[in-house]
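# Understanding the architecture of this molecule
Below, each chain spelled out in residue letters.
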There are 2 protein chains.
Amino acid sequence: MLSDVMEDYLKAIYVLQTEDGPPVSTSSIAERVGKTPPTVTSMLETLEEHGLVEREKYKGTELTAEGRTVALEVLRHHRLLEAYLAEHLDYSWSEVHDEADALEHHISEEFERRVAAVLGDPAVDPHGDPIPGEDLEPPVDDDVRPLTEVAVGDRAVIARVSDRDDEELEYLDRAGITPGTAIEVLDIAPFGMVTVEVNPEADGGDTDTDTDAGDVDGTATDSDAGREQSLPEAIAASVRVRPVDGATDTVATDAGVGGA
Amino acid sequence: MLSDVMEDYLKAIYVLQTEDGPPVSTSSIAERVGKTPPTVTSMLETLEEHGLVEREKYKGTELTAEGRTVALEVLRHHRLLEAYLAEHLDYSWSEVHDEADALEHHISEEFERRVAAVLGDPAVDPHGDPIPGEDLEPPVDDDVRPLTEVAVGDRAVIARVSDRDDEELEYLDRAGITPGTAIEVLDIAPFGMVTVEVNPEADGGDTDTDTDAGDVDGTATDSDAGREQSLPEAIAASVRVRPVDGATDTVATDAGVGGA
DNA sequence: TGAGAGAATTAGACGAGTCTAACGGAAGTA
DNA sequence: TACTTCCGTTAGACTCGTCTAATTCTCTCA
């Protein structure tokens with residue numbers, strides 16, 4: 001009923017608005033969906049006519065309640081598919097994104113239900129992104145921040161990684177940086193290079209949180225204990241972590257809810 | 001690269017040309033894809049420009065080798081998906097068609113390979129339709145004929161049922177007429193009503209053939225032995241059977257390879 | 001052989017989604 | 001306040017896939 005294209009725009013707006021707060025700019029949408037700004041303007045008019053977004057000309061756009069519901073439905077499809085592909089078709093978590101993008105608009109509600117059922121209604125996908133529930137309420141997600149905003153010496157658990165850049169994902173995978181992994185920040189150098197210890201001796205807190213990703217492909221295990229990894233700023237900024245109890249509360253900017 | 005729409009036309013032409021032989025008429029394609037004849041004409045021009053069909057104006061259309069390969073690829077996707085949905089997501093064989101139709105254009109080659117692998121490279125889908133191999137050579141399928149063309153008293157095994165009409169499929173499902181089931185034709189009445197015995201005492205031949213569907217949902221089992229079922233002509237004509245050794249060779253018209 | 005029926009094609013329009021080029025508004029800076 | 005720059009919107013065109021209405025072709029049958 002709504003076209004795939006419309007759904008893609010709504011999904012993009014939802015993610016942008018979760019990351020940076022509403023309203024979102026035409027150009028940021030354009031960049032995310034890979035279209036030109038005039039194209040986006042014209043699509044936003046269409047979406048507005050359908051009651052899915054509200055716009056203030058030259059200012060920005062935000063989703064209506066209805067638009068958000070549609071976006072969450074698509075996101076639920078996407079993330080359930082990612083989880084399913086990783087769990088049942090032997091995909092690694094760095095491979096699932098494109099396949100899920102292609103399928104998310106075309107699965108039925110029945111398919112969604114059955115996939116959710118065989119997965120046991122998972123709370124997060126393999127990248128650590130929260131999967132919206134069947135009620136399509138926006139998932140809340142406190143206390144998650146970019147790795148770049150953790151203080152040196154603090155411990156944290158990887159909450160999620162971006163799902164949009166294959167190379168970056170491969171890099172993180174090799175480094176053992178996967179959702180659910182415990183880390184300690186050893187150093188933050190000039191220009192933002194972050195050095196972490198992967199799986200420091202387990203005394204700093206609980207490695208498994210309530211929204212654990214389930215160690216989908218088994219790449220990083222306790223045998224990685226104590227490895228040191230240095231991450232360029234660009235990559236560290238896209239890694240979200242959940243501080244372990246007792247960690248210093250640092251910079252309190254927007255905590256962000258990246259990924260798609 | 002080719003659009004979904006083009007793939008749908010090619011698939012339709014393939015099936016029609018398998019059923020009735022080339023060339024296929026514009027109006028039969030129109031009926032199958034649910035579009036008007038002028039729309040079909042214009043799409044056929046496009047497909048011809050792409051080297052996927054050959055046409056003789058006012059006469060008919062047939063696939064080129066390249067067009068056939070594309071059609072077989074789509075058909076392989078469709079039927080693998082049907083098999084997968086039935087086997088791993090608990091769909092009944094009467095439910096899988098629409099879901100497979102929606103997904104067949106959007107799965108990657110990687111997905112195709114993985115699905116085929118976990119299924120163990122099945123030869124047929126849950127409706128009994130042959131699944132083209134990875135080589136995309138046209139599956140050959142001798143000795144299969146409509147149920148209406150079996151002589152009274154002969155035994156046969158259900159080879160396949162149409163996958164396109166939900167009501168009809170439910171009817172057959174309830175009647176225990178599923179791919180792999182043995183039957184004996186008891187009577188063919190005026191107006192084509194066919195009466196069969198489902199699972200006659202097993203001495204007439206092998207119930208499992210080389211291309212067995214694998215009894216996907218377990219609906220019809222040997223406990224149905226001896227049930228009599230009468231099928232209206234319209235339904236019986238869409239059920240394809242493979243005669244059991246020793247059966248009379250009857251009408252030798254086109255044997256057909258229905259389904260999608 | 002010619003008329004009529006039925007099928008296919010041509011003609012022309014339209015909506016969706018996209019683009020480039022040109023214009024206009026918003027916001028900071030001199 | 002006026003300039004400048006960046007961003008967003010408007011204008012206008014294009015492609016794709018579709019439709020309806022009108023035309024043309026093919027084939028059969030008298």
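Right, let's walk through the structure included here. Keep in mind the model is a prediction, meaning the values are calculated, not measured.

Right, let's talk about the packing of helix α1 (residues 4–20) of chain B against helix α3 (residues 37–49) of chain B for a bit. Residues and elements named next belong to chain B. In the contact formed by α1 and α3, the axes pass within 11 Å of each other and the chain directions differ by 100 degrees. As the angle between them shows, α1 and α3 are arranged roughly perpendicular. Here α1 contributes V5, M6, Y9, L10 and I13 to the contact with α3, which in turn contributes T39, V40, M43, L44, T46 and L47. For the contact of α1 with α3, a count of residues per class yields nine nonpolar, two polar and no charged.

Take the protein's contact with DNA strand D next. Around DNA strand D lies a shell of 21 residues, among which A:T41, A:K57, B:S3, B:K35 and B:T39 are the nearest. For DNA strand D, the backbone portion of the atoms within 4 Å of the protein, that is sugar and phosphate, comes to 82%. Between B:K35 and DNA strand D, the recorded distance is 2.6 Å, taken from a side-chain N or O atom to a phosphate oxygen. Contacts to DNA strand D include B:T39, whose side-chain N or O atom sits 2.4 Å from a phosphate oxygen. Class assignment of the residues belonging to the surface near DNA strand D gives a composition of eight nonpolar, eight polar and five charged.

Turning to a negative patch on the surface, a few remarks are in order. All names here are of chain A. There is a patch of like negative charges on the surface, built from D98, D165, D166, E167 and E170. Broken down by element, the negative patch gets its largest block of residues, three residues, from helix α7 (residues 166–175). Residue position: E167 is located in helix α7.

This brings us to the relation of the copies chain B and chain A. Of the transformation superimposing chain B on chain A, the axial component is 0.0 Å and the angular component is 180 degrees, with the fit at an RMSD of 0.0 Å. In short, the pair behaves as if placed about a two-fold rotation axis. Within chain B, the C-alpha atom positioned nearest to the axis of rotation is that of B:L103, 3.4 Å from it. Take the interface residues of chain B: 100% of them recur as interface residues in chain A, which is what a same-surface contact looks like.

Surveying the vicinity of DNA strand C reveals 21 residues, the closest of which are A:S3, A:K35, A:T39, B:T41 and B:K57. Protein-proximal atoms of DNA strand C, defined as those within 4 Å of the protein, fall in sugar or phosphate at a share of 80%. Within the side chain of A:Y9, one N or O atom sits 3.2 Å away from a phosphate oxygen of DNA strand C. At 2.4 Å from a phosphate oxygen of DNA strand C is found a side-chain nitrogen or oxygen belonging to A:T39. Elements supplying a minimum of two residues to the surface near DNA strand C: α1 (4–20) and α3 (37–49) of chain A together with α2 (26–33) and α3 of chain B. Partitioning the surface near DNA strand C into residue classes produces eight nonpolar, eight polar and five charged.

Residue-level contacts link 18 residues of chain B with 18 residues of chain A. Summing both sides of the interface, chain B and chain A together bury roughly 1,500 Å²; the carbon and sulfur share of this comes to 58%. The largest contributions to the chain B side of the interface with chain A come from B:L89, B:H106 and B:R114, which together make up 40% of the buried area. Applying the counting rule to chain B against chain A returns two salt bridges. For A:E95, the salt bridge identified is with B:R114, shortest N-O distance 3.3 Å. Joining chain B to chain A, the criterion identifies 12 residue pairs in polar contact (both at pLDDT 80 or more). Looking at the side of chain B that touches chain A, the elements that each hand over two or more residues are α4 (65–88), α5 (96–103) and α6 (109–119) of chain B. A total of five residues in the side of chain B that touches chain A trace back to one element, the largest contributor, which is α6(B). The class makeup of the residues in the side of chain B that touches chain A is 10 nonpolar, three polar and five charged.

A word on the pattern of salt bridges. Tallied over the full model, the rule gives 22 salt bridges over all chains. Because the salt bridges share partners, they merge into one network encompassing A:E95, B:E110, B:R113 and B:R114.

Residues and elements named next belong to chain A. In spatial order, the strands read β3-β8-β4-β5-β6-β7; together these six strands make up an open sheet with antiparallel pairing. The open sheet terminates on both sides in strands that have one partner only, identified here as β3 (145–146) and β7 (227–231). Both β3 and strand β8 (residues 240–243) contribute to a ladder of two bridges, which runs antiparallel. Residue pairing for β8: R145 is matched across the bridge by V241. On top of the sheet, α7 reaches β6 (194–198) and β7; it is set at about 160 degrees to β7, its chief contact.

This brings us to unusual backbone geometry. Excluding glycine, most residues fall at negative phi; most peptide bonds, likewise, are trans. Residue A:P23 follows A:P22 across a cis peptide bond; omega there is -5 degrees. Mapped onto the secondary structure, A:P23 falls in the loop between α1 and α2 (26–33). With a phi close to 65 degrees, A:F191 is a non-glycine residue in the positive phi region. Mapped onto the elements of the fold, A:F191 is located in the loop between β5 (182–188) and β6. Non-glycine residue B:D121 carries a positive phi angle of around 45 degrees. Tracing the sequence through the fold places B:D121 in the loop between α6 and β3 (145–146).

This brings us to the packing of α2(A) against α3(A). Residue and element names in this part refer to chain A. Two numbers describe how α2 lies on α3: the axes approach to 9 Å, and their chain directions differ by 105 degrees. Judged by the angle between their axes, α2 and α3 are roughly perpendicular. Only P37, V40, T41 and L44 of α3 make contact with α2, whose side of the interface consists of T26, I29, A30 and V33. Per-class residue counts for the contact of α2 with α3 are six nonpolar, two polar and no charged.

Once that is clear, we can look at the nonpolar core. Core analysis: the largest hydrophobic core is formed by 34 residues, its most contacted members being A:Y84, A:L89, A:F111, A:V115, B:L89, B:F111 and B:V115. For this core, the secondary structure elements donating two or more residues are α4 (65–88), α5 (96–103) and α6 (109–119) of chain A together with α4, α5 and α6 of chain B. Among all residues touching B:F111, those that are not within four sequence positions of it are A:L85, A:L89, A:Y91, A:E99, A:L103 and B:L81.

All names here are of chain B. The strand order across the open sheet formed by six strands is β3-β8-β4-β5-β6-β7, and the pairing between neighbours is antiparallel. Taken across any chain shown, the strands that pair with only one partner, and hence form the sheet edges, are β3 and β7 (227–231). Looking at chain direction, strand β4 (residues 155–160) and strand β8 (residues 240–243) are connected through four bridges and run antiparallel. Of the residues in β8, the one forming a bridge with A156 is P243. Running over the sheet, helix α7 (residues 166–175) touches β6 (194–198) and β7 and is turned about 160 degrees from β7.

Conventions used here
- Within each chain, residues carry numbers counting from 1 in the order of the written sequence.
- Numbering of ligands from 1 and lettering of chains from A proceed in the order in which they are written.
- Confidence filtering applies because this is a predicted model: local features only for residues at pLDDT of at least 70, side-chain atom pairs given and counted only at 80 or more, and all residues used for totals across whole chains, interfaces and linings.
- Excluding hydrogens and water, the side-chain values take into account all heavy atoms of the structure.
- In this analysis an axis means a line fitted to C-alpha atoms, helices contributing only their contacting stretch, and an angle means the value between N-to-C directions, from 0 to 180 degrees.
- The numbering of helices and of strands both runs from the N terminus, where a helix is a DSSP run of H or I of at least 4 residues and a strand a run of E of at least 2.
- Each angle gets one of four labels, with under 35 degrees taken as roughly parallel, over 145 as roughly antiparallel, 65 to 115 as roughly perpendicular, and the rest as oblique.
- Should any heavy atoms of two residues lie within 4.5 Å, those residues are counted as being in contact.
- Asp, Glu, Lys and Arg are counted as charged, while Ala, Val, Leu, Ile, Met, Phe, Trp, Tyr, Cys and Pro are counted as nonpolar; the rest, among them Gly, fall into the polar class.
- A molecule or strand has a residue near it when one of that residue's heavy atoms lies within 4 Å.
- Here a polar contact is taken to be a pair of N or O atoms separated by no more than 3.5 Å, where protein atoms must pair a possible hydrogen donor with a possible acceptor and residues adjacent in sequence count only if both atoms sit in side chains.
- Each patch is built from residues lacking any salt bridge and having more than 30% relative accessible area; the joining distance is 9 Å for like charges and 5 Å for nonpolar side chains (Val, Leu, Ile, Met, Phe, Trp, Tyr).
- Reported accessibility uses the Shrake-Rupley method at a 1.4 Å probe radius. Residues are deemed covered only where the shown protein chains occlude them.
- We count a salt bridge whenever a side-chain nitrogen from Lys or Arg sits within 4 Å of a carboxyl oxygen from Asp or Glu.
- Counting rule for charge: Lys and Arg are taken as positive, Asp and Glu as negative, and neither His nor the chain ends is counted.
- The atom standing in for a charge is NZ when the residue is Lys, CZ when it is Arg, CG when it is Asp and CD when it is Glu.
- Here the copies are matched by least squares. The fit uses the C-alpha atoms of residues with pLDDT of at least 70 in both.
- Throughout, buried area stands for the accessible area (probe radius 1.4 Å) lost by two parts on being put together, summed over both.
- For two strands to be treated as a pair, DSSP must find at least two bridges joining them.
- In plain words, nonpolar cores are sets of buried Ala, Val, Leu, Ile, Met, Phe, Trp, Tyr and Cys residues tied together by side-chain atoms within 4.5 Å.
- Throughout this description, buried means an accessible area under 20% of the type-specific maximum (1.4 Å probe, protein chains only), exposed means over 50%, and partly exposed covers the range between.

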